[in-house]
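# Survey of secondary and tertiary structure
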Amino acid sequence: MTVIAKVAVILDAFTAEDRGVGFAELQRRTGLAKATLHRLTGELVAARLLERVDGRFHLSGHLFALGMRASVERGLIEVATPFLEDLYERTHETVHLGLREGAEVVYVAKIGGHRQARAPSRLGGRMPLHATAIGKALLAFAPAALRAEVLDAPLARLAPRTVTSAAILRRQLDEAVRTGVAFEAEESAVGIVCVGAPVLDGHDVAVAAVSVAGPATRFDPRRHAAAVKAAAAGVTATLARREAILDQSSG
């Protein structure tokens, strides 16, 4: 394994829920030799990619700043933020923006008020595509090969109502393609319901998705499906206009 690959293993070992990881736990997660891990963590701290506080390692603020320079994510968040804020004002529930990475959704933006639901989503966190509305919206409009790969693989159960049947999930994805929205009914966590819609490129492939989640006791996702779909469509249209302008300026 190259040095860069080992560094990637170390950085990928951190989760959105971590509040600092000790050396022994980091070694367990990475499987790297003690001497190698000691040397590389020292170099990562010196390079400001990791921080060490009270003997525990944290991903650094500098690493976050570098991540925000990624052009695709930065441009997407800049374009999407006004639509996410408007969606929050309409619903006063937890609003997400997510990207697909493999068979998972990565949450890149989250807006929630003081009464936001205890959803399992975390900024920078990941969830399986099949267990969330935002993930289903991404999967429904994913390339056919990726969709087939997810449907052919075992579907992990996150909660009692997680859909683990490929046949049921396929019907839900087909319905999402037909209507432009996807739903979750306490599938990622007990008590959480959600509605999501895709942000599409020029080939009708999802480049991102928008969702609103709330507690099943007070939030009816179908009542807000049109608003979520409109927000995603607004992001889609704005990204298309921005890309057209960039193409003209570079032509």
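Each remark here, short or long, concerns the structure printed above.
Residues numbered from 1 in each chain as written. Predicted model: local features only at pLDDT ≥ 70, side-chain atom pairs only at ≥ 80, totals over all residues. Heavy atoms only, no water.

In terms of residue burial, strand β4 (residues 94–101) counts as a mostly covered element, since six of its eight residues are buried. Taking the residues that link successive antiparallel strands as the turn, the β4-strand β5 (residues 104–111) hairpin has two residues, and the phi of G102 there is positive, at about 65°. (Buried < 20%, exposed > 50% of the residue type's maximum accessible area, 1.4 Å probe, protein only. Helix = DSSP H or I, 4+ residues; strand = E, 2+ residues; numbered from the N terminus. Pairing = 2+ DSSP bridges.)

Turning our eyes to something else, we now look at the packing of aromatic side chains. With the rule as written, the count across this model stands at zero aromatic pairs. Positioned over the ring face of F183 is R222, at 4.0 Å from the centre of the ring. (Phe/Tyr/Trp six-rings, centres within 6.5 Å; stacked < 30°, edge-to-face > 60°. Lys NZ or Arg CZ within 6 Å of the ring centre and 35° of its normal.)

In this section: the pairing of strand β3 (residues 56–59). With two bridges joining them, strand β1 (residues 21–22) and β3 adopt antiparallel strand pairing. Paired with V21 across the two strands is F57, which belongs to β3. For strand β2 (residues 50–53) and β3, the ladder comprises four bridges, and the chain directions are antiparallel. Paired with V53 across the bridge in β3 is R56. Joining the antiparallel neighbours β2 and β3 is a turn of two residues, in which D54 adopts a positive phi near 50°.

Once that is clear, we can look at the packing of helix α2 (residues 23–30) against helix α3 (residues 34–46). At a minimum axis distance of 10 Å, the contact between α2 and α3 shows a crossing angle of 110°. When the axis of α2 is compared with that of α3, the two are roughly perpendicular. Crossing hand, α2 versus α3: right-handed. Contacts between α2 and α3 involve F23, L26, Q27 and T30 from the former and K34, L37, H38 and T41 from the latter. By residue class, the composition of the contact of α2 with α3 is three nonpolar, four polar and one charged. (Axes fitted to C-alpha atoms, helices over the stretch in contact; angles between N-to-C directions. Parallel < 35°, antiparallel > 145°, perpendicular 65-115°, else oblique. Left-handed = near helix turned anticlockwise from the far one by under 90°. Contact = heavy atoms within 4.5 Å. Nonpolar A, V, L, I, M, F, W, Y, C, P; charged D, E, K, R; others polar.)

For the rest of this paragraph, the subject is the environment of G102. For G102, the position within the fold is in the loop between β4 and β5. In this view, G102 contacts L129 and L146; residues no more than four positions away in its chain are not counted.

For R48, which is not a glycine, the phi torsion comes out positive at approximately 70°. Within the secondary structure, R48 is located in the loop between α3 and β2. The phi angle at D204 is positive, at roughly 60°, despite the residue not being glycine. By secondary structure assignment, the location of D204 is in the loop between β8 (192–200) and β9 (206–215).

What the three strands build is an open sheet, ordered β1-β3-β2; its pairing is antiparallel. With one partner strand each, in any of the chains shown, β1 and β2 form the two edges of the open sheet.

For the pair helix α6 (residues 133–140) and helix α8 (residues 166–179), interaxial distance at closest approach is 9 Å and the crossing angle is 75°. Accordingly, the angle class assigned to the pair α6 and α8 is roughly perpendicular. Facing α6, whose interface residues are K136, L139 and A140, α8 presents L169, Q172, L173, A176 and V177. In the contact of α6 with α8, the residues fall into six nonpolar, one polar and one charged.

Coordinates in, geometry out; function isn't part of it.
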